[in-house]
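What follows is the residue order along each chain.
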Amino acid sequence: MAEGFHHSARQGESISSLAACHGLTWERIWNHPENEPLRRIRTHHNILQPGDLVFIPTIRPKRESRPSGARHRFIRAGMPERLEIRILDPNGEPLVNQPFRLSHEAGRIEGVLDSEGWLRVRVPPSVGSATLDIGSDGALMRVSLDLGHLNPIADPLGVLQRLANLGYYRGSLEQPDDDEAAAAVRRFRLEQDLPGDHGLDDAVRERLIEVYGS
């Protein structure tokens, strides 16, 4: 029997954040044979549904022989995680070469968006929220980010989260409005040239994965 325990995922948790909490690499958890059922229903290790059962294996101590009287450097594997966000203006055009500041509980990162409006940085997997300022002192935009809170695409809330991040849905995610959600799906179908008007279906989900990336 495998040594470890099962954990019921909570909102905002991911395989990476669980790995950081328990001193493991995300690959050690995700690829464990006990998590094969989870891998069959989740396509990405950092997109979990609250309530997903995750097996956390027991950490295995590793012994290293080093001579005394000298300094030795050990690097922990699996940290940090890569965060990628593309910033668009209200017209859907990328904000390019603009300064940004990403503030979170573990520190602050400053830089410049690239020529296509992308922000690409490394953050600790334990970070659950952050504030992103675009432009000098946030003059152009300020966004609050919930990292690790994206639900699977099979979950209607996961669809709304992606539509909200893409600018199609502007309603509440805590208490979604059915009419606003339906309107967001229609706008997405129209702009993506999806045939018919069948509301939220597999065609919408498949195109969302293409556009959103996961």
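Here the structure is shown first, and the text comes after it.
Notes on the structure follow. (Residues numbered from 1 in each chain as written. Predicted model: local features only at pLDDT ≥ 70, side-chain atom pairs only at ≥ 80, totals over all residues. Heavy atoms only, no water.)

Judged by nonpolar contacts, the single largest core of 16 residues is most densely connected at L102 and L132. Mapped onto this core, the elements with two or more residues apiece are β3 (81-86), β4 (99-104), β6 (118-123) and β7 (129-134). Setting aside residues no more than four positions away along its own chain, L132 makes contact with I87, F100, R101, L102, L119, M141, R142, V143 and L145. Of all hydrophobic cores here, the second largest spans 13 residues; its members include Y168, Y169, A181 and A184. (Core = buried A, V, L, I, M, F, W, Y, C linked by side-chain atoms within 4.5 Å. Buried < 20%, exposed > 50% of the residue type's maximum accessible area, 1.4 Å probe, protein only. Helix = DSSP H or I, 4+ residues; strand = E, 2+ residues; numbered from the N terminus. Contact = heavy atoms within 4.5 Å.)

On to helix α1 (residues 15-22), then. α1 sits mainly inside the fold: six of its eight residues count as buried. Just downstream of α1 lies G23, where phi reads positive at about 70°.

Along any regular strand, the residues point their side chains to alternate faces of the sheet. Burial along β3 is one-sided: the residues E81, L83 and I85 are buried and none of R82, E84 and R86 is. When β3 meets β6, the two strands line up antiparallel, connected through six bridges. Looking at the pairing, R86 lines up with W118 of β6. (Pairing = 2+ DSSP bridges.)

Right, let's get into the side chain of N35. Following the sequence through the fold, N35 ends up in the loop between α2 (26-30) and α3 (36-41). Its relative accessible area of 1% is what places N35 among the buried residues. Within the structure, N35 has its side chain in polar contact with the backbone oxygen of I29 (distance 2.6 Å). Ignoring sequence-local partners within four residues, the contact set of N35 consists of I29, W30, L53, V54 and F55. (Polar contact = N/O pair within 3.5 Å; in protein donor to acceptor, adjacent residues only side chain to side chain.)

Next up on the list: the pattern of salt bridges. For the coordinates displayed, the defined rule picks out eleven salt bridges. A salt bridge links E13 to R10; the shortest N-O distance between them is 3.1 Å. The exposed category is assigned to R10, whose relative accessible area is 52%. Between D133 and R101 there is a salt bridge, and its shortest N-O distance comes to 3.2 Å. Of the two residues, D133 is situated in strand β7 and R101 in strand β4; the sequence distance between them amounts to 32 residues. (Salt bridge = Lys/Arg side-chain N within 4 Å of Asp/Glu carboxyl O.)

Right, let's talk about helix α5 (residues 178-191) for a bit. An ideal rise of 1.5 Å per residue puts 20 Å on 14 residues; α5 measures up with 20 Å between its terminal C-alpha atoms. By the burial criterion, the buried members of α5 are A181, A183, A184, V185, F188 and R189. Those residues of α5 that are buried lie in contact with α4 (156-165) and α6 (202-212). Where α5 begins, one side-chain oxygen reaches toward the backbone nitrogen of D179, 3.0 Å away; that side chain belongs to D177. Looking one or two places after α5, you find D193, whose phi comes out positive at around 55°. (Expected span 1.5 Å × (residues − 1).)

Looking now at the packing of α4 against α6. Interaxial distance between α4 and α6 falls to 11 Å at its minimum, and their mutual angle equals 45°. Classed by the angle they form, the pair α4 and α6 counts as oblique. For the crossing formed where α4 meets α6, the hand is left-handed. Contacts between α4 and α6 pair P156, V159, R162, L163 and N165 from the former with R205, L208 and Y212 from the latter. In terms of residue class, the contact of α4 with α6 is built from five nonpolar, one polar and two charged. (Axes fitted to C-alpha atoms, helices over the stretch in contact; angles between N-to-C directions. Parallel < 35°, antiparallel > 145°, perpendicular 65-115°, else oblique. Left-handed = near helix turned anticlockwise from the far one by under 90°. Nonpolar A, V, L, I, M, F, W, Y, C, P; charged D, E, K, R; others polar.)

Next up on the list: the sheet that holds strand β5 (residues 107-112). If you walk across this open sheet you meet the four strands as β5-β4-β7-β8, and the pairing is antiparallel. On the outer flanks of this sheet lie β5 and β8 (141-146), each paired with one strand and no other. Direction aside, neighbouring strands of the sheet carry axes that sit 15° apart on average.

So, about the packing of α5 against α6. Where α5 meets α6, the closest approach of the two axes is 11 Å, and the angle between their N-to-C directions is 70°. Classed by the angle they form, the pair α5 and α6 counts as roughly perpendicular. Where α5 crosses over α6, the two elements pack in a sense that is left-handed. Here V185, F188 and R189 of α5 lie close against α6, whose contacting residues are V204, R207, L208 and V211. Split by residue class, the contact of α5 with α6 holds five nonpolar, no polar and two charged.

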